[in-house]
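Summary of structural features
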Amino acid sequence: NNKGGAREWSNMPGPGRGDVSNRITWDSATLPEAPTELGPPAIEVESLISTNGSTIGMFRFNTKGARTTGLPYIRFEFEMLDVAGNVMQEFEAEPTKDELDELVNGGSIRRALPEILAAGEQYSLRTRAKTAAGWSPLSGTSEVVRMPADRPVQPSALLSEFTSVRWIELKWWVPYHNGAPIERYEIVFKLLKSDDEWKPVDERHLAENTHEHGHDGRRTNARNLGSLIYRIEPL
């Protein structure tokens, strides 16, 4: 059969108990084969937390519908995919005895996602299983899930290349947004280094007068690409 196992028979004639019995044991199992394909794992959206630009969380998988030839699972391999389907990372897990019992009873195993996930990006997951007979085919991919957004990365230091007695032009580069559009910037300044008070730039004026470098026809070279400029005036 395709499950493995043994059968026994006796040459005792007729019903009842005989004086002599010759018991012969034989094994009718077929050669073991690698397990069949597992169903896709699932990323637990409610477990995802983004901080410092990275996301942590959990996923789960089970072996419902997959078949083996009586051999236990000894390892699971996982592939983390980006939104384009490229493999970002491969990782493995060895099930414990309790986890194997859970799978046999139709349950699932929960494991932590690899710590390579960027906040705001989209990922999916697929898996395969191994027994002593070999590896199963790769499963289908899980549902693509977007990681929670996080605060944007700290902006670059402000630069000032053009100044006068009445204004200062500031330049900075757009920081990585970590999955959520940047809604506004805040700038504070003080006229003298010895001043204790920092003055905030008017929020509305800052929003309306922040432009990409080169918006006014000024020459933009490679070192200015992606930068923003704002002129504080009057001082």
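This write-up is about the structure you can find in this document. (Residues numbered from 1 in each chain as written. Predicted model: local features only at pLDDT ≥ 70, side-chain atom pairs only at ≥ 80, totals over all residues. Heavy atoms only, no water.)

Some thoughts on the layout of surface pockets
Volume-wise, the largest pocket comes out at about 380 Å³. Around the largest pocket sit 19 residues that line it, and Pro 155, Pro 175, Arg 184, Tyr 185 and Glu 186 are the ones nearest its centre. Thr 63, Thr 68, Leu 71, Tyr 73 and Val 104 are the residues nearest the centre of the second largest pocket, which is lined by 13 residues in total. (1 Å grid on protein atoms, 1.4 Å probe; cavity = no way out; pocket = protein on both sides within 12 Å on 5 of 7 lines; lining within 4 Å. Points joined across faces, edges and corners; volume = space filled by probe spheres on them.)

Description of the pairing of strand β7 (residues 75-82)
Of all 8 residues making up β7, 7 are buried, and the element is well covered by its neighbours. The pairing of β7 with strand β11 (residues 122-131) spans 8 bridges and is antiparallel. Note on β11: the bridge partner recorded for Asp 82 is Tyr 123. Relative to strand β8 (residues 87-93), β7 runs antiparallel, the two sharing 6 bridges. In the sheet register, Phe 78 faces β8, and the bridge partner there is Phe 91. Where β7 folds back onto β8 in an antiparallel hairpin, the turn is made up of 4 residues, including Gly 85, whose phi is positive at roughly 90°. (Buried < 20%, exposed > 50% of the residue type's maximum accessible area, 1.4 Å probe, protein only. Helix = DSSP H or I, 4+ residues; strand = E, 2+ residues; numbered from the N terminus. Pairing = 2+ DSSP bridges.)

Points about the packing of aromatic side chains
Counted by the stated rule, this structure contains 8 aromatic pairs. Measuring from centroid to centroid gives 5.0 Å for Phe 61 and Phe 78, while their planes differ by 65°, and the two rings are edge-to-face. Placement of the pair is Phe 61 in strand β6 (residues 58-61) and Phe 78 in strand β7, with a sequence separation of 17 residues. Neither residue differs from the other here; Phe 61 and Phe 78 are each classed as buried. Ring-pair connections join several aromatic residues into one group, and the members of that group are Phe 59, Phe 61, Tyr 73, Phe 76, Phe 78 and Phe 91. The ring centre of Trp 135 lies 4.3 Å from the NZ or CZ of Arg 128, which sits over that ring. Here the basic side chain of Arg 231 rests over the ring of Trp 167, its NZ or CZ set 3.7 Å away from the ring centre. (Phe/Tyr/Trp six-rings, centres within 6.5 Å; stacked < 30°, edge-to-face > 60°. Lys NZ or Arg CZ within 6 Å of the ring centre and 35° of its normal.)

Comments concerning the sheet that holds strand β19 (residues 227-232)
On the basis of which strands lie adjacent, the open sheet formed by 4 strands has the order β14-β15-β19-β18 and antiparallel pairing. On the outer flanks of this sheet lie β14 (159-163) and β18 (211-212), each paired with one strand and no other. Two elements, strand β15 (residues 168-173) and β19, share 6 bridges in a ladder whose sense is antiparallel. Looking across to β19, one finds that Ile 168 is bridged to Ile 232.

Describing the pattern of salt bridges
A side chain of one charge can pair with a side chain of the opposite charge when the charged atoms of the two come close. Going through the model one piece at a time under the given rule, you end up with 13 salt bridges. For Arg 75, the salt bridge is made with Glu 94, and the minimal N-O distance between the two is 2.6 Å. Taken together, the residues Arg 75 in strand β7 and Glu 94 in the loop between β8 and α1 (97-104) connect sequence positions 19 residues apart. One network of salt bridges, with partners in common, ties together Glu 44, Arg 60 and Arg 110. (Salt bridge = Lys/Arg side-chain N within 4 Å of Asp/Glu carboxyl O.)

Observations regarding the nonpolar core
Counting residues in each nonpolar core, the largest one holds 21 residues, and the members touching the most others are Phe 59, Phe 76, Phe 78, Met 80, Leu 113 and Leu 125. Elements that contribute at least two residues to this core include exactly β6, β7, β8 and β11. Val 201, Leu 228, Tyr 230 and Ile 232 belong to the second-largest nonpolar core, a separate cluster that totals 8 residues. (Core = buried A, V, L, I, M, F, W, Y, C linked by side-chain atoms within 4.5 Å.)

As for the sheet that holds strand β3 (residues 42-43)
Read across the sheet, 3 strands follow the order β3-β6-β9 without closing on themselves; strand pairing throughout is antiparallel. Every interior strand has two partners, whereas the edge strands, β3 and β9 (109-112), have only one. Bridging between β6 and β9 involves 4 bridges; their strand directions are antiparallel. Residue pairing for β9: Phe 59 is matched across the bridge by Arg 111.

A word on the pairing of β11
Pairing of β11 with strand β13 (residues 145-146) involves 2 bridges; the strand directions are antiparallel. Counterpart to Gln 122 in the pairing with β13 is Arg 146. As paired strands, β11 and strand β12 (residues 134-135) are joined by 2 bridges and run antiparallel to one another. The partner of Thr 131 across the bridge, within β12, is Gly 134. What sits between the antiparallel neighbours β11 and β12 is a turn of 2 residues.

The values are spatial; any link to function lies outside them.
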